[in-house]
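Notes for the structure review
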Amino acid sequence: MRMAQEPSVITEGLETLQKVDKNVIQQYLEDMLPDILNFAVQIILAVLLYLVGKRIISFIRKILRKSLERREIDLGVRQFLDSVSKYSLYFVLWLMILTLFGITTASVIAVLGSAGLTFGLAVQGSLANFAGGVLILLLGPFHVGDYIVSGETGHEGTVKEISTFYTRIQTADNQTVMIPNGKLADGAIVNVTGQQTRRIDILVGISYDADLKKAKQLLGALTDQEERILTDQPVNVFVSALSDSSVEIGCRFWVKSEDYWQTKWDMLEAVKLSFDEHGIEIPFPQMDVHVKQEDKGKKQSV
């Protein structure tokens, strides 16, 4: 009898345990269901708020850009203000999204305040770049469209955009370079196209045996034939130096900034062809060695 009752007791215990487990799990799920539904609703609302907020931010930025264009504000200033407004509006949007999950603005500010030192150290480079961008816009060492050379980084190219933290330039070989505003504000900047006109200096060495006056006449004739040279600026043809192996002569004239490189290249080619045609030798560096021998032939000096 005892052996027959033991299996039934165990079976009843297992059935009771299964019923208890099912009841506990069911009760747990029923208790969690409102929280799960509430969280799902928060996620949906956050996604909807982000999508709507994104459209509103785009609309506000569009209005801001048109307003600045109507006032004929400098393009670099417009790009900078557009970038600042973008980051500011998205920061406000994310604060609104966080409030949906019970995180108040005061809590976020309190966290940022308590971690102010660490946060400041972490973003000090970004803050320096932001301050550099403000200085660039206030002082105006260059504008969008100018060709600049950065002494700090060694990069050069045409300025395409001045944003909140970086200035984007396009190099002559069509590469895009992002330069931090802090480096541009702290370092030397050469604005190649900052002025409407530029001076070209062409120097060329001729042989000491060549006809100096004829060489100068040829240079003068070439400058007279070049239409891109500005006639309201002085044109000089001169002897620059008496070098070891040549007489260095040159010509100096002014052109529009956009004509600088092409005019210089064309003039250098024209000088070489003209000198070759008229027999004006352009020597390469050379050294004459004289050997002095004494009477007895025992010593030589060079």
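Shown above is the structure to which this text applies.
For the structure given in this document, a descriptive report is provided here. (Residues numbered from 1 in each chain as written. Predicted model: local features only at pLDDT ≥ 70, side-chain atom pairs only at ≥ 80, totals over all residues. Heavy atoms only, no water.)

Here we take up the sheet that holds strand 6 (residues 197-206). Spatially, three strands are ordered 6-8-7 in an open sheet, and the strand pairing comes out antiparallel. Because the sheet does not close on itself, it has two edges, and the strands there are strand 6 and strand 7 (236-242). Mean inter-strand twist for the sheet, computed between neighbouring axes without regard to direction, equals 25°. Where strand 6 and strand 8 (residues 247-256) come together, 10 bridges link them in antiparallel fashion. The residue of strand 8 that forms the bridge with Val 204 is Ile 249. Against the sheet, helix 7 (residues 212-225) engages strand 6, strand 7 and strand 8, with an angle of about 10° to strand 8. Against the sheet, helix 8 (residues 260-277) engages strand 6 and strand 8, with an angle of about 25° to strand 6. (Pairing = 2+ DSSP bridges. Helix = DSSP H or I, 4+ residues; strand = E, 2+ residues; numbered from the N terminus. Axes fitted to C-alpha atoms, helices over the stretch in contact; angles between N-to-C directions. Contact = heavy atoms within 4.5 Å.)

Our next topic: the environment of Ile 136. By the secondary structure assignment, Ile 136 is in helix 5 (residues 124-139). Separated by 60 residues in sequence, Ile 136 and Gly 76 have C-alpha atoms that sit 9.3 Å apart. Those residues in contact with Ile 136, other than ones at most four positions away along the chain, are Pro 141, Phe 142, Ile 162, Thr 167, Asn 181 and Leu 184.

A few words on the pattern of salt bridges. One pass over the structure, following the stated rule, counts eight salt bridges. The salt bridge partner of Glu 226 is Arg 228, with a shortest N-O separation of 2.7 Å. On the basis of relative accessibility, which here comes to 27%, the residue Arg 228 falls in the partly exposed class. (Salt bridge = Lys/Arg side-chain N within 4 Å of Asp/Glu carboxyl O. Buried < 20%, exposed > 50% of the residue type's maximum accessible area, 1.4 Å probe, protein only.)

The five strands are arranged 4-3-2-1-5 in an open sheet whose pairing can be described as antiparallel. The sheet is open, and its two borders are formed by strand 4 (176-180) and strand 5 (189-191), each paired with just one other strand. On average, adjacent strands in this sheet sit at an angle of 40° to one another, irrespective of strand direction. Bridge count for strand 3 (residues 166-170) against strand 4 is five bridges, and the pairing is antiparallel. Residue pairing in the sheet places Ile 169 in a bridge with Val 177 of strand 4.

How two aromatic rings sit relative to each other is given by the distance of their centres and the angle of their planes. As enumerated under the stated definition, the model contains five aromatic pairs in all. With centroids separated by 5.7 Å and ring planes inclined at 40°, the aromatic side chains of Tyr 50 and Trp 94 adopt a geometry described as tilted. One end of the pair, Tyr 50, is in helix 1 (residues 2-70); the other, Trp 94, is in helix 2 (residues 75-100), and 44 residues separate them in sequence. Judged by relative accessible area, which is 27%, Tyr 50 ranks as partly exposed. Seen in terms of ring centroids, Trp 261 and Trp 265 are 5.9 Å apart; in terms of plane orientation they differ by 35°. Their pairing is tilted. Of this pair, Trp 261 and Trp 265 both sit in helix 8, four residues apart, roughly one helical turn. (Phe/Tyr/Trp six-rings, centres within 6.5 Å; stacked < 30°, edge-to-face > 60°.)

Within the secondary structure layout, Thr 164 lies in the loop between strand 2 (156-162) and strand 3. Residue contacts for Thr 164: discarding those within four places in its chain leaves Phe 80, Ser 83, Val 84, Tyr 87, Asn 129, Phe 130 and Asn 181.

For the structure shown, the criterion picks out one cavity of 30 Å³ or more. Lining the largest cavity we find Asp 74, Val 77, Ile 136, Leu 137, Gly 140, Phe 142, His 143 and Ile 162. Tallied by class, residues from the lining of the largest cavity come to five nonpolar, two polar and one charged. (1 Å grid on protein atoms, 1.4 Å probe; cavity = no way out; pocket = protein on both sides within 12 Å on 5 of 7 lines; lining within 4 Å. Points joined across faces, edges and corners; volume = space filled by probe spheres on them. Nonpolar A, V, L, I, M, F, W, Y, C, P; charged D, E, K, R; others polar.)

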